[in-house]
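Close look at the chain arrangement
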Amino acid sequence: MWGYIRLELIRSVRDGGYIVFGVVMPVVMYLLFTNLGLAQGDKHDAAIFTMVSMAAYGALGSAFNNGSGIAEDRAAGWLRQLRLTPMTPAQVVAGKVATGVLGVVPSIAAVLLTGALVNHVTLTPGQWLEIIVLLWVGTVPFSLLGLGNGYRLTGQTAAMANLATMLGLSILGGLWIPVTGFPGWLRAISEWTPSNSYAALSWHAAFGEAPALREIAILAGWLVVFGLYAMYGYRRAGKTA
Amino acid sequence: MENAVSLANVTKTFGATRAVDGLTLTIPRGRTVALLGPNGAGKSTAIGMLLGLFPPDSGTVSLFGRDPEQAVRHGRVGAMPQEGGIITRVTVRELLSFVSRTYREPLPLDRLLALAQLTGLRDRRVDRLSGGQAQRVRFAMAIAGDPELIVLDEPTAALDVEARRELWASMRGFAERGRTILFSTHYLEEADEQADRVIVINRGRVAADGTSAEIKREVALTTVSVTVGGEAAWLGRLPGVTRMEVAGDRARLHSSDPDATVMALARAGAVRDIEVTPADLEDAFVALTATRPLAKENA
């Protein structure tokens, strides 16, 4: 299974979509938002807040991109080829989930490093550790949603659906524009999204606040929903593979 | 020693189509066997079931005496489906070393590359290879684990003559290691030249099974022609003759045992302008897969 993860990571690194949407764009947007004075309030606070937003946005990009890869692999007959090797279906799925989980690391790292080195964000070591873990572990529901789409939809459709979902969740979750700038009704919706809960956990940590139980509960709820969705997609794909 | 492949009374229906209809066959180890049949004969469905990709509706399928899925898990089978398996953004070496490592006792990579004639292409991206080269990569994935049996579904379809020749050279290299090869094809000359045994499949069942010589004989398509003066009906009663056509003074005898037919003609002193035309497998194939059931044709 390690061989499979390694192979998939090699493929990700060579994937333009992953590099652009998962790593380059979030860093560029972070630098634009913070240095063109687009973020409101105190400069250092804005640098921290936007750093978390953009790290979350990049992580979403690579998590969903990983899901689109599954649809591509299905179309290429790769999943069937894997079924003809000694690997079990469970190993293949676990390998793909692991690839998604590892694939978000460069996205998060790139933005956090830009924050620390370019925008001179200063946090305590404990806070850094906390947001790294929260940003990382929190991507699992999104990986599962992306995989569900990848299993359920065909190549191009899956890629479009994942891109649209990723952008939709990023905007609606307040990763691009803070929810404080949203009209009330939109803000109410936003507070139920997984992307808002995901980023909010790290926002709290970065500003030394305690995590809100509500956010943990919402994210966990979506984790269950997307997990079931991915399982449903996988079962359906198994019948037609 | 148990058979490499064993299908007993296997059926599979997709919607209203019965793709495989009571298929029974066994393949002992160490043979190269062709599954020959027209498009839609049920070859791919049979192969899908014997690789454990989907279960039969009824009947039993086993590889080396066990469940196909288990045989695949244990690395005893390698397969090359009709298409697919060529992914983007990896080199030949990366792809094959990954596949090899999923097996317990794979072929060494250099050996594998040499067998599949890929040594010079090892660092090329697999999605940038020609059709023939990509096919050899797919073949290499099938043999990477050094399995006892490889199953290839129409391995040479869509290949040009040169690429086909190269792939067969690779396959013979693998067969020489005492491995069992089962391949499907609708190229008759391929079955004739490459296989020790040909199983003709039509409408989901076995229409004929034997060496290509036996199959040609079975459908009695060797013709013995002689010039006869006068009454010719007695020729129809000669050994081996199953059917006869008379045109003018020329009689064409269809024989299932042309040697015996010729001997009998010689004994009767009726060998004027004798001509023996062996059937090619193509004639046999057409006869076997014609719309009329074979049984009635032979009766």
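Cut-offs applied
- For every chain, the first residue of its written sequence is number 1, and the numbers climb from 1 along that sequence.
- The lettering of chains begins at A and the numbering of ligands begins at 1, in the order of writing.
- Per-residue local features are limited, in this predicted model, to residues with pLDDT of at least 70; the limit for side-chain atom pairs, both in listing and counting, is 80 or more; totals at the level of whole chains, interfaces and linings are taken over all residues.
- Placing a C-beta atom from the backbone of each residue, one calls two residues in contact when those atoms lie within 7 Å.
- By the criteria applied, helices consist of DSSP H or I runs no shorter than four residues and strands consist of E runs no shorter than two, each listed in order from the N terminus.
- Each residue receives one of three labels: charged for Asp, Glu, Lys and Arg, nonpolar for Ala, Val, Leu, Ile, Met, Phe, Trp, Tyr, Cys and Pro, and polar for the others, Gly being one of them.
- When DSSP finds two or more bridges between two strands, those strands count as paired.
- For every element, the axis is a line fit to its C-alpha atoms; helices are fit only across the contacting stretch, and the angle between N-to-C directions ranges from 0 to 180 degrees.
- For the purposes of this description, domain bounds are those given by an automatic or database domain assignment.
- Structurally, a nonpolar core is described as a collection of buried Ala, Val, Leu, Ile, Met, Phe, Trp, Tyr and Cys residues joined by way of C-beta atoms within 7 Å.
- Any residue whose C-beta has 12 or fewer other C-beta atoms within 10 Å is treated as exposed, any with 20 or more as buried, and any in between as partly exposed, C-beta atoms being built from the backbone.
- When describing relative orientation, an angle under 35 degrees is termed roughly parallel and one over 145 degrees roughly antiparallel, while 65 to 115 degrees is termed roughly perpendicular and anything else oblique.
- By definition, turning the near helix anticlockwise from the far helix through less than a right angle yields a left-handed crossing, and turning it clockwise yields a right-handed one.
- The span one expects for a helix is its residue count, reduced by one, times 1.5 Å.
- pLDDT: the predictor's confidence for each residue, scored from 0 to 100.
- The arc refers to the directions leading from the helix axis to the C-beta atoms.

Comments concerning the interface of chain A and chain B
Counting residues at the interface gives 19 residues for chain A, matched by 22 residues for chain B. Elements with a minimum of two residues in the side of chain A that touches chain B: α1 (2–13) and α4 (78–83) of chain A. Per-element accounting of the side of chain A that touches chain B gives the leading share, five residues, to α1(A). Within the side of chain A that touches chain B, the residues separate by chemical class into eight nonpolar, five polar and six charged.

Things to note about the sheet that holds strand β2 (residues 17–27) of chain B
Residue and element names in this part refer to chain B. With antiparallel pairing, three strands are arranged side by side in an open sheet as β2-β1-β4. Lying at the two open borders of the sheet, with one neighbouring strand each, are β2 and β4 (58–63). Each strand axis lies, on average, 25° off the axis of its neighbour in the sheet, ignoring direction. Sheet strands touched by helix α1 (residues 43–50): β1 (5–14), β2 and β4. Its angle to β1, the strand with the most contacts, is close to 120°.

Regarding the domain arrangement of chain B
Note: interface size is frequently given as the accessible area lost on complex formation between the parts. Under the domain assignment used here, chain B contains domain 1 (5–215) and domain 2 (222–278). Placing the centre of domain 1 of chain B and that of domain 2 of chain B at their C-alpha centroids yields a distance of 43 Å.

Focus: the nonpolar core
Across soluble globular proteins, you tend to see nonpolar side chains buried next to one another. In this structure, B:Leu36, B:Leu50, B:Ala140, B:Ile143, B:Val151 and B:Val200 are the most contacted members of the largest nonpolar core, which totals 77 residues. Broken down by element, the residue count for this core peaks at six residues, all from helix α5 (residues 131–143) of chain B. A:Phe49, A:Ala63, A:Ala71 and A:Tyr234 belong to the second-largest nonpolar core, a separate cluster that totals 49 residues.

Things to note about the environment of B:Arg197
Residue and element names in this part refer to chain B. By secondary structure assignment, the location of Arg 197 is in strand β8 (residues 197–202). C-alpha separation for the pair Arg 197 and Asn 39, spaced 158 residues apart in sequence, amounts to 20 Å. Residues within four places of Arg 197 in sequence aside, it is in contact with Arg 31, Val 33, Gly 210 and Thr 211.

A word on the packing of helix α3 (residues 43–75) of chain A against helix α7 (residues 140–152) of chain A
Residue and element names in this part refer to chain A. As a packed pair, α3 and α7 sit with axes 7 Å apart at the nearest point and diverge in direction by 25°. Considering their axes alone, α3 and α7 lie roughly parallel with respect to each other. In this structure, the crossing between α3 and α7 has a hand that is right-handed. Contacts from Leu 60, Ala 63, Phe 64, Asn 66, Gly 67, Ser 68, Gly 69, Ile 70 and Ala 71 in α3 reach Phe 142, Ser 143, Gly 146, Leu 147, Asn 149, Gly 150 and Tyr 151 in α7.

Focus: the pairing of strand β9 (residues 205–210) of chain B
Residues and elements named next belong to chain B. Looking at chain direction, β8 and β9 are connected through five bridges and run antiparallel. Directly across from Ile 199, in β9, lies its bridge partner Asp 209. Hairpin connection from β8 to β9: two residues lie between these consecutive antiparallel strands, with Arg 203 at a positive phi of about 45°.

Considering the pairing of strand β6 (residues 149–153) of chain B
Residues and elements named next belong to chain B. For β6, the buried fraction is high: five of the five residues fall into the buried class. Side chains Leu 149, Val 151 and Asp 153 project from β6 onto one buried face, and the interleaved Ile 150 and Leu 152 project onto a second face that is buried too. As defined by bridge partners, strand β5 (residues 77–80) adjoins β6 across four bridges and the pair is classed as parallel. For Val 77, the partnering residue across the bridge sits in β6 and is Leu 149. Note that β6 and strand β7 (residues 180–185) share five bridges and pair parallel. Bridging across to β7, Val 151 finds its partner in Leu 182.

Some thoughts on the sheet that holds β6(B)
Think of a sheet as strands paired side by side through backbone hydrogen bonds, with each pair either parallel or antiparallel. All names here are of chain B. Strands sit in the order β5-β6-β7-β3-β8-β9 across an open sheet of six strands; the sheet is mixed. Lying at the two open borders of the sheet, with one neighbouring strand each, are β5 and β9. Strand-to-strand twist of the sheet, defined as the mean angle between neighbouring strand axes without regard to direction, takes the value 15°. Running over the sheet, α1 touches β3 (32–36), β6, β7 and β8 and is turned about 150° from β6. Its contacts with the sheet place helix α10 (residues 281–288) against β3, β8 and β9, and it is angled at close to 35° to β8.

What to know about α3(A)
Residues and elements named next belong to chain A. Over its 33 residues, α3 extends 48 Å from the first C-alpha to the last, a length consistent with the 48 Å expected when each residue adds 1.5 Å. Burial runs high along α3: 27 of the 33 residues are buried. Downstream of α3 by one or two residues, Gly 77 has phi in the positive range, about 75°.

Quick word on the confidence of the model for chain B
Residue and element names in this part refer to chain B. Taken over all residues, the pLDDT of chain B has a mean of 88, while the share at 70 or more is 96%. A low-confidence stretch, residues 292–299 stays under pLDDT 50, and its non-local contacts, those more than four residues away or across chains, total four contacts. Overall fold confidence for the complex sits at a pTM of 0.84, while the interface term, ipTM, reaches 0.86.

Structural notes on unusual backbone geometry
All names here are of chain B. One non-glycine residue, Gln 117, lies in positive phi territory at about 55°. Here Gln 117 falls in the partly exposed class, since 18 other C-beta atoms lie within 10 Å of it. Positive phi, normally seen in glycine, also occurs at Arg 203, with a value near 45°. One can find Arg 203 in the loop between β8 and β9. For Arg 203, a count of 17 C-beta atoms within 10 Å translates into the label partly exposed.

Some points on α1(A)
Residue and element names in this part refer to chain A. Given a rise of 1.5 Å per residue, 12 residues ought to cover 16 Å, and the 16 Å separating the end C-alpha atoms of α1 matches this to within 8%. Taken together, the buried positions of α1 are occupied by Tyr 4, Leu 7, Glu 8 and Ser 12. Buried residues of α1, viewed axially, fall in a sector of 140°; they line one side.

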